[in-house]
Structures are given as structure tokens and as C-alpha cells.
Amino acid sequence: MGNDVASVINWCDLVIEVLDARDPLATRNVLVERMADRKGKLLILAVNKADLVPMSVLRMWKAYLSRDRPTVFLSVKKRLGTRMLIRAIKANAPRLPVKVAVVGYPNVGKSSIINYLKERAVASVSPVPGWTRSTQVYRAKRWLIVADTPGVFSNADSKDDSLLVVRGLLNPDRAGDVVTPVVNFIKRVLSLNPGAFRDAYGVNSQDPLTILEWVARRRGFVLKGGGLNLTEAAKAVVRDWFNGKLIYYYPPPVGEHEEGKETNPGG
């Protein structure tokens, strides 16, 4: 995790951590949360993409996550719950105007939330000494200053490479071996939503390689000589996760609550 994130959290009054409603546990960043706690900064969980998950499941997650942090569920894409985020910021701000840091893994919708907060024309604020150009600061409203922090975090804390996909850390255009983490991602999806690939692609198989072959065949990813290009198929699966075409969800853990737990559901 870069020094920028630590500097921004030290500068701000309030932290908004953006999660993906399809997998709130895997998209929580326990390092960021502990950093905010150490610096005495209140942290709000903004669970985005809520339109992809049934309301009954969202209610369970609301009860679970709210034990630790103020929690708001929203879908910026559908403009659902966005006013609740504004209310949560005002209700938890130690002062106004308030300086807010928006943090989160890539692809959780952090930029969409920032764009919503900025609305139309906004005035940039002078850079804070010690920050790189990757951190942008805006006066979004008269009472709200927003810092857009870089969304790249290490996956070194996890041995599960399926989380590279879940957390948006696998760039399909730059990665070397895409197939291995995507196969493990497909296994994760199947364990939580066995019908996910039937719904997305029309394939009923529960075998990851068969699913990749189906995607390659359907989308014309063929190598010279007629073989199927599984690498391109794996990249397509990653992009489909990013754009919300692939969906899985699960209820929160039952039993003793563990904040920021990053294991697989049920594990």
C-alpha cells in the first residue's frame, strides 16, 4: 500500500471505504481500516452495486456490517441510495466543511461514487505536500472536500489468487498468466452461485475449463490451427465480472463476528 493512502487518511476528517455488494468481505481492506482506526478517523462503509444482490441478502449484510461501522448500501449506476451516502457523511462528519478520503479496491465503483459526489463542475484543490499526482482533491460542495486516492493495493495478504479478480487487481490487458487465477475465480463463483455461468453465458457445466472453452468458442477466440484461445476467454470473464455481468452473493458469516475477515465464505 502506497504512502499516498496513509498521507490522505492522515489529512482527512472522514474515510469512505467502497465495497462490492457481491462480495463485501473480500473487498474490505483490513489494512486501510486499521490505519483509519489508528489515526482516529471514522470510516463509513459504502457498499456499491447493491442492485446486483437481492434485498433480503442486503438486509443481512446491513445488520452484520453495521456492528462495526456506519454502513450505506447504494448503486451509483442506478442512482439508488446515493442520498443516504450524503446523509451519512453529514451525520458522521466531525465538522463542516469536511475532508473525505474515498478508498477501495479497483472496480468497486470508487470513481463512480466520487463522480456522484462531485456532481457537475467542481474546483480542484491545491495538492497536499507529499502526495503524488495520482491523488486528486476536489471541492465537491461548499461543505465537502473529496480526495480521490489510488485504488491499487497489494494482494500479498491472501494466498487465494481468485481474489485478484474479485478485487480488480488483475488487469486482463497486462497480466501474464490470466487463466490460472480466472479458473480459481470460476470455482469461487460456482461454489456460491452454481447457475452464474448458465445465466451469463448459457453454459450448464460446473467445470471451469469447460466454461472457458465455451466462452472461447462462442466469442470466436480461436488460435491459428483451430485451437481455442483460453487466455482471451479468461480475459473476457474478468471483464464480465468488472461490468456486472457475472453475479454471485452469499449471506454474512454466522457465529462470532470477525471484522475484516478475508477468508472464503464459510471458510
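Now for a quick tour of the structure. Every residue gets a number counted from 1 within its own chain, in the order that chain's sequence is written. Given that this is a predicted model, residues contribute local features only at a pLDDT of at least 70 and side-chain atom pairs are listed and counted only at 80 or more, while totals for whole chains, interfaces and linings are drawn from all residues. Neither water nor hydrogens contribute to the side-chain values; these are computed over all heavy atoms in the structure.

**Things to note about the packing of helix H4 (residues 82–92) against helix H5 (residues 110–118)**
Alright, step 1. Close contact between H4 and H5 brings their axes to 11 Å; oriented N to C, the two are set at 75°. Considering their axes alone, H4 and H5 lie roughly perpendicular with respect to each other. Contact residues: H4 offers Thr-82, Arg-83, Leu-85, Ile-86 and Ile-89, while H5 offers Ile-113, Tyr-116 and Leu-117.
Alright, step 2. When residues are grouped by polarity, Ala, Val, Leu, Ile, Met, Phe, Trp, Tyr, Cys and Pro land in nonpolar, Asp, Glu, Lys and Arg in charged, and all others, Gly among them, in polar. Looking at the contact of H4 with H5 residue by residue, the class counts come to 6 nonpolar, 1 polar and 1 charged. What counts as an axis is a line fitted to C-alpha atoms, over the stretch in contact for a helix, and the angles between N-to-C directions run from 0 to 180 degrees. Numbered from the N terminus, helices here are DSSP runs of H or I no shorter than four residues, and strands are runs of E no shorter than two. The labels follow the angle: roughly parallel below 35 degrees, roughly antiparallel above 145, roughly perpendicular from 65 to 115, and oblique for the rest. For this analysis, residues touch if any pair of their heavy atoms sits within 4.5 Å.

**Points about the pattern of salt bridges**
When their charged atoms lie close together, side chains carrying opposite charge are able to pair.
Alright, step 1. Should a side-chain nitrogen of Lys or Arg be within 4 Å of a carboxyl oxygen of Asp or Glu, the pair is scored as a salt bridge. Tallied over the full model, the rule gives 14 salt bridges.
Alright, step 2. The partner of Arg-198 in a salt bridge is Asp-199, and the shortest N-O contact between them spans 3.4 Å.
Alright, step 3. Using a 1.4 Å probe on the protein chains alone, a residue whose accessible area is under 20% of its type maximum counts as buried, one over 50% counts as exposed, and one in between counts as partly exposed. Looking at Asp-199, the relative accessible area reads 58%, which means it is exposed.
Alright, step 4. Bridged by salt links that share partners, the residues Arg-28, Glu-33, Asp-37, Asp-68 and Arg-69 form one connected network.

**Regarding the packing of aromatic side chains**
Alright, step 1. Centres within 6.5 Å are what make two rings of Phe, Tyr or Trp a pair, Trp counting through its six-membered ring; a difference in plane orientation under 30 degrees is then read as stacked, over 60 as edge-to-face, and the rest as tilted. The full count for this structure, using the stated rule, is 5 aromatic pairs.
Alright, step 2. Between Trp-61 and Tyr-64, the aromatic rings sit 5.5 Å apart at their centres with planes inclined by 85°, giving edge-to-face as the arrangement. Of the two residues, Trp-61 and Tyr-64 both sit in helix H3 (residues 55–65), 3 residues apart, roughly one turn of that helix.
Alright, step 3. Overall, Trp-61 belongs to the buried group, its relative accessible area being 1%.
Alright, step 4. The buried category is assigned to Tyr-64, whose relative accessible area is 2%.
Alright, step 5. Grouping aromatic residues by their ring pairs yields a cluster made of Trp-61, Tyr-64 and Tyr-250.
Alright, step 6. Counted as over-ring charges are cases with an Arg CZ or a Lys NZ within 6 Å of the ring centre that also lie within 35 degrees of the ring normal. Taking NZ or CZ as reference, Arg-22 lies 3.5 Å from the ring centre of Trp-241, over its face.
Alright, step 7. The lysine or arginine in question, Lys-118, covers the ring of Tyr-138, its NZ or CZ lying 4.1 Å from the ring centre.

**Focus: helix H2 (residues 30–38)**
A turn of α-helix holds 3.6 residues, and therefore any two residues three or four places apart point the same way.
Alright, step 1. Three or more residues of H2 are buried, namely Val-30, Val-32, Glu-33, Met-35 and Ala-36.
Alright, step 2. Taking the backbone nitrogen of Leu-31 as reference, a side-chain oxygen 3.1 Å away marks Asn-29 as the first, capping residue of H2.
Alright, step 3. Phi for Gly-40, located one or two positions after H2, is positive at around 70°. Polar contact criterion, stated in full: a pair of N or O atoms within 3.5 Å, where within protein one must be able to donate a hydrogen and the other to accept it, and residues adjacent in sequence count only if both atoms are side-chain atoms.

**Description of the nonpolar core**
Alright, step 1. One finds Val-182, Phe-185, Phe-197 and Leu-212 to be the most contacted residues of the largest nonpolar core, which totals 60 residues.
Alright, step 2. Not counting the four nearest positions on each side in its chain, Val-182 is found in contact with Val-165, Leu-170, Leu-212, Ala-234, Val-237 and Val-238.
Alright, step 3. By size, the runner-up hydrophobic cluster in this structure holds 26 residues, among which are Ala-93, Val-100, Val-102 and Tyr-105. Among the buried residues, those of types Ala, Val, Leu, Ile, Met, Phe, Trp, Tyr and Cys that are joined through side-chain atoms within 4.5 Å form a nonpolar core.

**Digging into H3**
Alright, step 1. Buried within H3 we find Val-57, Leu-58, Trp-61, Tyr-64 and Leu-65. Viewed along the axis of H3, the buried residues span an arc of 120°, placing them on a single side of the element. H3 presents Arg-59 and Ala-63 as exposed residues on the side facing more than 90 degrees away from its buried surface. To obtain the arc, one takes the directions from the helix axis to the C-beta atoms.

**Overview of the pairing of strand S2 (residues 42–48)**
A regular strand carries its side chains on alternate faces of the sheet.
Alright, step 1. Most of S2 is tucked away, with 6 of its 7 residues classed as buried.
Alright, step 2. Here, a strand pair is defined by DSSP locating no fewer than two bridges between the strands. As paired strands, strand S1 (residues 14–20) and S2 are joined by 7 bridges and run parallel to one another. Within S2, the position partnered with Leu-14 by the bridge is Leu-42.
Alright, step 3. Taken together, S2, H3 and strand S3 (residues 71–73) form a β-α-β motif whose crossover is right-handed. With its strands directed away from the observer, a crossover is right-handed exactly when the path from the first strand over the helix to the second travels clockwise.

**Quick notes on the packing of helix H7 (residues 179–192) against helix H9 (residues 208–219)**
Alright, step 1. One can describe the packing of H7 onto H9 by two numbers: an axis separation of 9 Å at closest approach and a directional angle of 110°. Regarding the angle of H7 to H9, the classification is roughly perpendicular. On H9, the residues touching Val-179, Val-182, Val-183, Ile-186, Lys-187 and Leu-190 of H7 are Pro-208, Leu-209, Ile-211 and Leu-212.
Alright, step 2. Split into classes, the residues belonging to the contact of H7 with H9 amount to 9 nonpolar, no polar and 1 charged.

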